[in-house]
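Chain and residue survey
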Amino acid sequence: MKIGLETESYHLQFITGRMDIFKFIQKTAELGLDGVMINIVKWPGLPGWGTLESFEPEYLKRVKAEIQKYGFFAEIDTNGTDPDHLSQVIEVAHQIGADVIRTYTCMGEYDAVRMAEAPANIKQIVPLLQQYRIKLAVENHEEELADEVIQIIEEVNSPWVGAHCDLGNGMMAWEEPVDAVTKLAPYAYTTHFKDHIIVHDGEDYRVCGVPAGTGNIDLDQLFKILVEKSTLTRINVEMCFPYAIHFKREPGAGGVSKVGEGAFKVEEPPYDLSVIKPLDYYYPPQELMEQMLEDQARGVEQSVKHALALRDKYCR
């Protein structure tokens, strides 16, 4: 089992201009990992395509060379099911040597119309996936339940389209992580390995990312499920700290109706509420940036260590 790292794990480094894709690839090598998952979802107000500066062939050639320098696998994270956009992303993936593309259907809030349109949209780009030998993985991205992702995959009915199994995102839709991962594992082409807690910010409950092994998701059990129930050969660490988000579906939508137990146990927020509210973690104020950059870097090291330990426990 190979362990990769998603660029989102260092999002503060990227949005402050302290890290680019080349430094990220080098850092991933320093951490002793096997590959990179490159997020190209645009950040509001920032140039480029997420962690890629452009889609220009010469630039992508340099990115590919840096990936190959370390013998890494590569995957791409995008969003939406627009066929024109996905066709463009497939070409980018081909140019940097990525063989898996993650996408998701809803764009911030649950959208039944987008969900219904997804299978027909994805079917249009299946011939291109087949031509380039690239797989598309549909993620349970905060809004979508595992069963809804599976329905899309089964409607498309192609070996080139499977699931992106995010170990924690089901919680935003009130779905127990063990249930979501158990359902998605047989369809999984790739993953996001992460940990969560529930916090109250004085207004409402939020799902809050924390370094792997410090939260309330049973990552040991989930890793074991992925080994036993999937054909995955890669697991990607996506260290979502500092980050917190509101619930995206109504209580009970995914089978869980209230917070308080298991993965949904309520904990104290990572930072004092008088200093910063959880929903502000992703874009913190300048006076907190240095501290949160350091906290994020330590969180990545903790998460990588935890993922490698589970890999060594359950597989090779």
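For the structure given in this document, a descriptive report is provided here.

Each value, and the rule that gives it
Residues numbered from 1 in each chain as written. Predicted model: local features only at pLDDT ≥ 70, side-chain atom pairs only at ≥ 80, totals over all residues. Heavy atoms only, no water. Helix = DSSP H or I, 4+ residues; strand = E, 2+ residues; numbered from the N terminus. Rg over C-alpha atoms; globule rule 2.2 N^0.38 Å. Buried < 20%, exposed > 50% of the residue type's maximum accessible area, 1.4 Å probe, protein only. Contact = heavy atoms within 4.5 Å. Areas by Shrake-Rupley, 256 points an atom, 1.4 Å probe, with all protein chains shown as cover. Lys, Arg positive; Asp, Glu negative; His and termini not counted. Charge placed at Lys NZ, Arg CZ, Asp CG, Glu CD. Disulfide = S-S within 2.5 Å. Core = buried A, V, L, I, M, F, W, Y, C linked by side-chain atoms within 4.5 Å.

**Focus on the overall build of the protein**
- Tallying secondary structure elements over the protein gives nine helices and 11 strands in all.
- What you see for the protein is a C-alpha radius of gyration of 18 Å, in line with the 20 Å of a compact globule of 316 residues.
- Buried residues in the protein amount to 59% of all 316 residues.
- When contacts within the protein are restricted to residue pairs at least 6 apart in sequence, those whose partners lie at least 24 apart make up 78%.
- For the protein, the exposed surface amounts to about 13100 Å²; the carbon and sulfur share of it is 47%.
- On the protein, the mean spot of the 30 positive side-chain charges and the mean spot of the 50 negative ones are 6 Å from each other.

**Digging into the side chain of Gln296**
- Topologically, Gln296 is positioned in helix α9 (residues 286-314).
- Setting aside anything within four residues of it in sequence, one finds Gln296 in contact with Glu8, Ser9, Tyr10, His11, Leu12, Gln13, Met239, Phe241 and Pro242.

**Topic: the state of the cysteines**
- For the coordinates displayed, the defined rule picks out zero disulfides.
- No disulfide involves Cys106; its sulfur sits 17 Å from the nearest other cysteine sulfur, which is in Cys165.

**Describing the nonpolar core**
- Membership of the largest hydrophobic core comes to 107 residues, with the highest contact counts inside it found for Leu52 and Phe193.
- With nine residues, the top contributor of residues to this core is α9.
- Beyond its immediate chain neighbours, meaning those up to four positions away, Leu52 contacts Ile21, Ile38, Ile40, Tyr59, Leu60, Val63 and Val92.

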